[in-house]
Amino acid sequence: MTAQAELDGQETETMTVREAIRQGLREELERDEDVFIMGEDVGAFGGVLEVTGNLYEEFGGEQVRDTPIAEAGYVGAAVGAAATGTRPVAELMFSDFMGVSMEQIMNQMAKMRYMFGGKTEMPVTIRATEGGGMGAASQHSGTVHTWIAHFPGLKAVAPGTAASAKGLTKAAIRSDDPVFVFENKMIYEQKGEVPTDEDYITPIGEASVEREGADVTVVATQRLVGESLSVAEDLSGDVSVEVIDAQSLYPLDTETIVESLQKTGRMVVADESPVSYGTHAEIIARTQEEAFFSLDAPIQRVGTPDTHMPFSTPLEQEVLPDGEGVQNAIEKIV
């Protein structure tokens, strides 16, 4: 579905990605008293990156709970809370800290419904900020969503616009399966039109065509959606670029991507995760399995080199993928 078609006929409001996520959280806290937020500094402080804002003042300590600095502990608590009837939303301040709680994620959260024969639901949402650009160094700048998309039993989404940030947050909370919502910290101030309908959600497993084009398809995630749209506008006099926000990493909307490639014949995959053995490779593999004979040129990858994120600002900017990289990839195959 195109982004415009999704918004047509709906009342919208301009807001930042940060505000859109907060609005989605607020609406779900109001809708269902079994929903609660937990994490480090999410309460009175309003979140280190200010996403949870004044939700503590609005809903109190029962629905917005500060936790100790103990990711293994509160992610495990979220698993138990979900298994016993509530809908926890646990925030990992930085996705790099996921390693501390990987036992709870990989062996408990991901497998519990399967091992109990489907008799136990697992409606837990994990919000995790990721990505470089803040000069926060290696342990606070990773993009690790490929880990989660790899594990059976887990869903992973990564919004690139304000509308999908709200819609995917709400869809995750309403899901009876565990969903990880990966938020790129560098787009929190990015603005967009967001539906005000309290039942508006972005379905998990659907990509969004943000811009239609005829010559090349760019499949992008998170920050690189906006960068790709800017490139598409700059090249519009010479190259017609179709930009797809993947939105959902698992399940992946292969159908929308394949349909676009069959139209354009060329494709670039832009994602901030490391280029080897990851999100880029999975999108490319699935696309080639379905539409190999539609290709007019090799598919290109734009991502982070296989290195850790530097603390040095000039080195960080050298490592991070950006619009220039997307444009170079397009020009290479068009």
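Cut-off values and rules
- In every chain, residue numbers begin from 1 and rise along the written sequence.
- Totals for whole chains, interfaces and linings use every residue, but because this is a predicted model, local features are given only for residues with pLDDT of at least 70 and side-chain atom pairs only at 80 or more, for both listing and counting.
- Heavy atoms from the whole structure form the basis of all side-chain values; hydrogens and water molecules are not counted.
- Buried residues are those whose accessible area, probed at 1.4 Å on protein chains only, stays under 20% of the maximum for their type, while exposed residues exceed 50% and partly exposed ones sit between those limits.
- Secondary structure counts use DSSP, requiring at least four H or I residues in a row for a helix and at least two E residues in a row for a strand, with both numbered from the N terminus.
- Strand pairing is assigned whenever DSSP detects at least two bridges linking the two strands.
- Handedness is read with the strands pointing away from the viewer; a crossover is right-handed when the path from the first strand over the helix to the second is clockwise.
- Like-charged residues are merged into a patch within 9 Å and nonpolar side chains (Val, Leu, Ile, Met, Phe, Trp, Tyr) within 5 Å, provided each residue has over 30% relative accessible area and no salt bridge.
- For the accessible areas, the method is Shrake-Rupley and the probe is 1.4 Å, while residue cover comes only from the protein chains on display.
- The rule for a salt bridge is simple: a side-chain nitrogen of Lys or Arg has to be within 4 Å of a carboxyl oxygen of Asp or Glu.
- Asp and Glu are treated as the negative residues and Lys and Arg as the positive ones, with His and the ends of the chain left uncounted.
- By convention, charge coordinates are those of NZ in Lys, CZ in Arg, CG in Asp, or CD in Glu.
- Delimitation of the domains relies on an automatic or database domain assignment.
- Residue contacts are counted whenever heavy atoms from the two residues lie within 4.5 Å of one another.
- When two parts are brought into contact, each loses some accessible area as probed by a 1.4 Å sphere; the total of that loss over both is the buried area.

> Looking at this model, I keep getting lost on the pairing of strand S7 (residues 179-184). Mind explaining?
Each regular strand shows side chains that alternate between the opposite faces of the sheet. Most of S7 is tucked away: 6 of the 6 residues are buried. The two faces of S7 match: Val179, Val181 and Glu183 on one face and Phe180, Phe182 and Asn184 on the other face are all buried. As defined by bridge partners, strand S5 (residues 125-130) adjoins S7 across 6 bridges and the pair is classed as parallel. Paired with Ile126 across the two strands is Phe180, which belongs to S7. Between strand S6 (residues 155-157) and its parallel partner S7, the chain crosses via helix H8 (residues 162-174), and the hand of that crossover is right-handed.

> Which parts of the structure should I look at to understand a negative patch on the surface?
Where like charges cluster on the molecular surface, the negative patch consists of Glu11, Glu13, Glu19 and Glu193. Position of Glu13 among the secondary structure elements: in strand S1 (residues 12-16). Since its relative accessible area comes to 41%, Glu13 is described here as partly exposed.

> How should I be thinking about the domain arrangement of the chain in this particular structure?
When its domains are assigned, the chain resolves into domain 1 (3-195) and domain 2 (208-333). The C-alpha centroid of domain 2 is placed 25 Å from the C-alpha centroid of domain 1. Taken together, the contact pairs 30 residues of domain 1 with 26 residues of domain 2. Roughly 2,100 Å² of surface becomes buried between domain 1 and domain 2 when both sides are summed, with 52% attributable to carbon and sulfur atoms. Summed over the three residues of domain 1 that lose the most area to domain 2, namely Ala3, Thr143 and His145, the buried surface amounts to 20% of that side. At the boundary of domain 1 with domain 2, the tally comes to 0 salt bridges.

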